[in-house]
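Take a look at the letters that make up each chain.
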Amino acid sequence: MHSVAVLVARFEVPGGQTVQAFTFALDCTPAEAACVRRQFGGRRYARNWAVRTLKQDLTRYHESGEATQMPSLAGLRKRWNQVKDTECADQVTGQVWWPEISKEAFADGIRAAVDGYWNWQASRAGKRAGRRVGFPRFAKKGRDRDRVTFTTGAIRVEPDRRHVTLPRIGTVRTHENTRRLERLVADGRARILAATVSRRGTRLVVAFRVLIQRPQQPRVQRPDSRVGVDVGVRVLATVADNDGVVIERVANPRPLEAALKELRHLCRERSRRTRDSRRYAETNQKITRLQRRIANIRAHRIHTLTTRLAKTHGEIVVEGLDAAGMLRQKGLTGARARRRGLSDSALGEARRQLAYKTDWYGSHLVTADRWYPSSKTCHHCQHVQDIGWSEHWTCHGCGAGHQRDDNAAINLARYEDTSTAGDTAVGPVGAAVKRGADPKTEPGSAGGRETRKGRSHTAAEQPRDGVLAR
Ligand SMILES: [Zn+2]
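Since we're looking at a predicted model, the values are computed, not measured.

Scoring rules and cut-offs
- Residues numbered from 1 in each chain as written.
- Predicted model: local features only at pLDDT ≥ 70, side-chain atom pairs only at ≥ 80, totals over all residues.
- Helix = DSSP H or I, 4+ residues; strand = E, 2+ residues; numbered from the N terminus.
- Buried ≥ 20, exposed ≤ 12 C-beta atoms within 10 Å, placed from the backbone.
- Contact = placed C-beta atoms within 7 Å.
- Pairing = 2+ DSSP bridges.
- Axes fitted to C-alpha atoms, helices over the stretch in contact; angles between N-to-C directions.
- Parallel < 35°, antiparallel > 145°, perpendicular 65-115°, else oblique.
- Left-handed = near helix turned anticlockwise from the far one by under 90°.
- pLDDT = per-residue confidence, 0-100.
- Core = buried A, V, L, I, M, F, W, Y, C linked by C-beta atoms within 7 Å.
- Arc of directions from axis to C-beta.

1. A closer look at the overall build of the chain
Here is step 1 of the chain: Scanning the chain from N- to C-terminus turns up 11 helices and 14 strands.
Here is step 2 of the chain: Looking at the 470 residues of the chain, the share that counts as buried comes to 30%.
Here is step 3 of the chain: Contacts spanning at least 24 positions in sequence make up 68% of the contacts within the chain whose residues lie at least 6 apart.

See below:
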């Protein structure tokens, strides 16, 4: 058996169907909430057991050369079932507590440990893209992302549209109406594959993974329209067409700004409290709740923006910016404000949503080369100059005045993929731009969608607009 087989044993989505998540906040009674937390704990316990076991296996192998079986979900579950009577005994009373926990919670935890192990192995062997992955670490209560996934058993959305049924936890009331999922299931247009219960801040939510037959969408409103979208710091997004007209500037939502202000206030308040006091905990909970609210506002705004774009325009061009790399560019003036702004507008999330929504609505997404200098190229004369982080700048070539985001969106709208088109007026400008070590000659994949270009650039070397920060 090869390790890759373990990694790619995934569910195949039948043609014409999509896997989509539907999330609802749960309105648990205290008893139900306690039951949910026990499932979280059980999952974490099994995961930590599996990590410990894998570690011991490795140590034994290094010391005595004694080989063990390949780490697999099935193998470890078998071992878990052999030891759970002793593993899950209360230290004081000796009472065995595993029957209170769904066996799926244990399996979910063990699966997480096994996946983590193989990710570590693949990363070590250089077979995994992205950052290096370490050996799975132990999860700790309070720091763990509390969650549990059920794939079998009673998983239902009740016809009253106000309750859901989950294994072991039972029928729980939801805060929201479940109509948007219930009617799909009732019509036979959707099938629930799994349910994940997790904690989001102070709330418990359930996310149903659903196999869904999406209705054939009408074509996009303006199939000939090609727009560039600059997801930015000052405004959420700027949309421009290839005639150089800025179609719209989508502002950061007001409630978000207000919530961020309140967050700063609360963080200051917390810093005045004594750690681990009751008041500290109170303020802390307020902060947790507010952070969730901020995330929700942001997610909603990005969703409406990307849906509208994908339904309207035939082709959408976005920046190929590695947001994570940019956020790590410290030391430049205003780095903190920029990091906040960027994480707020969540460029990566917008791009991820556009990738699948353009598919749904018959639009097309183009991702610009990561080194394409969209904001520092003059859209009149193609002159490229260093503009730092300034909002307004004047072109040294033709004297035109530019607003940074507007100019970037216009350039993106005119962007042409150099891997398919050869010499173009506004392709990535090569001569004036330092590009690090990457000659950028290999052809990108068709569509250029979400592909990582270049091979071995670390985050610090991933510059916006092609100039390395020295
Ligand atoms: Zn110019």
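Alright, that's what it looks like, and here's the rest.
2. Comments concerning the sheet that holds strand β12 (residues 364-367)
Through backbone hydrogen bonds, the strands of a sheet pair up, either in parallel or in antiparallel fashion.
Here is step 1 of the chain: Judged by pairing direction, the sheet is mixed, and its 5 strands sit side by side in the order β10-β9-β8-β11-β12 without closing on themselves. The sheet is open, and its two edges are formed by β10 (246-250) and β12, each paired on a single side. Taking the axes of each pair of neighbouring strands and ignoring which way they run, one obtains an average angle of 20° across the sheet.
Here is step 2 of the chain: Direction of pairing for strand β9 (residues 237-241) relative to β10: antiparallel, over a ladder of 4 bridges. Residue A240 lies in a different strand from β10, and its bridge partner there is V246.

3. Re the sheet that holds strand β1 (residues 17-27)
Here is step 1 of the chain: Spatially, the 7 strands line up as an open sheet ordered β2-β6-β7-β1-β5-β4-β3, and their pairing is antiparallel. For this open sheet the edge positions go to β2 (147-150) and β3 (156-157), each flanked by a neighbour on one side alone.
Here is step 2 of the chain: In the sheet, strand β6 (residues 190-200) pairs with strand β7 (residues 203-213) via 10 bridges, with the strands oriented antiparallel. Residue pairing in the sheet places R200 in a bridge with R203 of β7.
Here is step 3 of the chain: Packed on one face of the sheet, helix α2 (residues 30-64) meets β2, β5 (170-174), β6 and β7 and runs near 90° to β2.
Here is step 4 of the chain: Running over the sheet, helix α5 (residues 179-186) touches β1, β3, β6 and β7 and is turned about 155° from β6.

4. Considering the packing of helix α6 (residues 254-272) against helix α7 (residues 278-312)
How two helices pack is summed up by the angle between their axes together with the distance between the axes.
Here is step 1 of the chain: Packing of α6 against α7 brings their axes to within 10 Å, and their N-to-C directions diverge by 160°. The angle between the axes of α6 and α7 places the two elements in the roughly antiparallel class. Crossing of α6 over α7 shows left-handed handedness. Only Y280, T283, N284, K286, I287, L290, Q291, R293, I294, I297 and R298 of α7 make contact with α6, whose side of the interface consists of P255, L256, A259, L260, E262, L263, L266, C267, E269 and R270.

5. Observations concerning the pairing of strand β4 (residues 163-166)
It is a general feature of regular strands that their side chains alternate between the two faces of the sheet.
Here is step 1 of the chain: Here β4 shows a buried face lined by V164 and L166 and an unburied face lined by H163 and T165.
Here is step 2 of the chain: Relative to β4, β3 runs antiparallel, the two being bridged by 2 bridges. Bridge pairing in β4 places R156 opposite T165.
Here is step 3 of the chain: Here β3 hands over to β4 after 5 residues, with R161 in that stretch at a positive phi of 65°.
Here is step 4 of the chain: Of the strand pairs in this sheet, β4 and β5 are connected by 4 bridges, and their pairing is antiparallel. The residue bridging L166 from the neighbouring strand is G170, located in β5.

6. Some words on the confidence of the model for the chain
Here is step 1 of the chain: Looking at the chain, the pLDDT average stands at 80 and 79% of residues meet or exceed 70.
Here is step 2 of the chain: Here residues 327-333 is a poorly scored stretch, pLDDT under 50, and it has 9 contacts once near neighbours within four places are set aside; other chains count.

7. Re the nonpolar core
Here is step 1 of the chain: A50, I110, A113, L166 and V206 are the most contacted members of the largest nonpolar core, which has 39 residues in total.
Here is step 2 of the chain: If we ignore the near neighbours within four places in the chain, the residues touching V206 are F24, L26, V164, L166, A195 and V197.

8. Digging into the packing of α2 against helix α4 (residues 103-124)
Here is step 1 of the chain: At a closest axis distance of 7 Å, the pairing of α2 and α4 adopts a crossing angle of 40°. Here α2 lies oblique to α4, going by the angle between them. Note on packing geometry: the crossing formed by α2 with α4 is right-handed. For the pair α2 and α4, the contacting residues are Q39, G42, R43, R44, Y45, A46, R47, A50, V51 and L54 in the first and A105, F106, D108, G109, I110, A112, A113, V114 and Y117 in the second.

9. Details of helix α11 (residues 404-413)
Here is step 1 of the chain: Within α11, 10 of the 10 residues are buried, leaving the element largely enclosed by the surrounding structure.
Here is step 2 of the chain: Burial in α11 covers these residues: R404, D405, D406, N407, A408, A409, I410, N411, L412 and A413.
Here is step 3 of the chain: In this structure, the buried side of α11 is in contact with β8 (222-231), β9, β10, β11 (313-318), β13 (392-394) and β14 (401-403).

10. What about α5?
Residue pairs three or four apart in sequence face the same way in an α-helix, which turns once every 3.6 residues.
Here is step 1 of the chain: Among all positions of α5, only L181, E182 and L184 are buried. Projected onto a plane normal to the axis of α5, the buried residues spread over an arc of 165° and lie on a single side. Of the residues in α5, the exposed ones pointing more than 90 degrees away from the buried face are R179 and A186.
Here is step 2 of the chain: On the buried face of α5, the contacting elements are β1, β3, β6 and β7.
Here is step 3 of the chain: After α5 finishes, the residue G188 shows a positive phi value of roughly 75°.

11. Overview of the pairing of β8
Here is step 1 of the chain: Of the strand pairs in this sheet, β8 and β11 are connected by 5 bridges, and their pairing is parallel. Bridging from a neighbouring strand, G228 pairs with V317 of β11.
Here is step 2 of the chain: Pairing geometry for β8 and β9, over 5 bridges, is antiparallel. Bridge assignment links V229 to a residue of β9, and that residue is V239.

12. Things to note about the environment of D144
Here is step 1 of the chain: The topology assignment puts D144 in the loop between α4 and β2.
Here is step 2 of the chain: Considering only alpha carbons, one finds D144 and R44, 100 residues apart in sequence, at a separation of 7.9 Å.
Here is step 3 of the chain: Among all residues touching D144, those that are not within four sequence positions of it are R44 and A139.

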